[in-house]
Amino acid sequence: MADFLPSELVITPKGGVYHLDICPDDLAHKIVVVGDQDRVELVSNFFDEVTHKSQHREFACHTGLYKGKNISVISTGIGTDNIDIVINELDALVNIDLKTRNEKEEKTALEIIRLGTCGILRDEIPIDSFILSSHALGIDNVGHFYERNVDAETKKLEAEIEEKVKLPKYVKPYLTKASQLLNDRLYADHIETGITVTSSGFYGPQGRRLRLPLVEDGMLDSFSDFKHEEVRFANLEMECSALFSLSTALGHHATAICLGLANRRKKEFTSNYETKIIELIKYVLDKI
């Protein structure tokens, strides 16, 4: 019997995965993931050659060559629920034989870099900074549906964060390290680093209040003020926790580097997005 039945792993008539609607040969093993589907073409415009283009729902995929490197850029849409789909289907493309529906004995480790935008959590980090994630702290719930293999150091830091950070009563945070392999490649002196907070929404879950009152008004300040030795929070977004936790559990390398659009403490917002996002794209493509 096949390891993965049709109800669990849906395969399209052309032999691809269900939501991404791509086949194994369409995918490079170096992958840039972006939230906005329009940003896929913004990235692939820098490729020397584009060998594949597809789009299904919010999931656009362009694969091509950049300075001799085979790279895919894929849009995920917004939120950790979409990341759950994307990472499971990317893993299926390389680690499950889609013809026999059996798990492959020899596994492939993908390199996945999220190139996104974020809010800044500390006064001293300037607008338009490039922020490289050291960890992702999930205040969503996707990571809680999977078994996690977390080292003792990360567990200790996770427990300290849960004790000191102000969160709504029923939120259970989970912490995952970014890939050191990828971070070593992406880091430079002008890059900011720190823990990335991943929320389950844009307004209340990120401490924004419009007409609805919040259960916990002090959440953002508690992130900003937290310090463990040299480890601090840096930014806030909506995808990294699931990206890091699922990728790590499946044996892939994942990290994120984001452009800081808003300093939430100083109430500032960028006026330079178009120029800086192009600069970030070029930087990532050269480093990947």
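Presented here is a report on the structure given in the accompanying data block. (Residues numbered from 1 in each chain as written. Predicted model: local features only at pLDDT ≥ 70, side-chain atom pairs only at ≥ 80, totals over all residues. Heavy atoms only, no water.)

Concerning the pairing of strand β12 (residues 231–237)
Part 1: Of all 7 residues in β12, 5 are buried, a share of seventy percent or more.
Part 2: Both strand β7 (residues 111–120) and β12 contribute to a ladder of 2 bridges, which runs antiparallel. Note on β12: the bridge partner recorded for Gly119 is Leu236.
Part 3: Inspection of the sheet shows strand β10 (residues 192–198) paired to β12 by 4 bridges, in the parallel sense. What sits directly across from Val197, in β12, is Leu236. (Buried < 20%, exposed > 50% of the residue type's maximum accessible area, 1.4 Å probe, protein only. Helix = DSSP H or I, 4+ residues; strand = E, 2+ residues; numbered from the N terminus. Pairing = 2+ DSSP bridges.)

Description of a nonpolar patch on the surface
Part 1: Residues Phe202, Tyr203 and Leu210 make up a contiguous nonpolar surface patch of roughly 340 Å² in combined accessible area.
Part 2: Tracing the backbone shows Leu210 in the loop between β10 and α5 (219–225).
Part 3: Judged by relative accessible area, which is 65%, Leu210 ranks as exposed. (Patch = residues over 30% accessible without salt bridge, like charges linked within 9 Å, V, L, I, M, F, W, Y side chains within 5 Å. Areas by Shrake-Rupley, 256 points an atom, 1.4 Å probe, with all protein chains shown as cover. Salt bridge = Lys/Arg side-chain N within 4 Å of Asp/Glu carboxyl O.)

So, helix α7 (residues 273–287)
Part 1: With 15 residues, α7 extends 21 Å from end C-alpha to end C-alpha; this agrees with the ideal 21 Å at 1.5 Å per step.
Part 2: Along α7, the residues classified as buried are Lys276, Ile277, Leu280, Ile281, Tyr283, Val284 and Leu285. (Expected span 1.5 Å × (residues − 1).)

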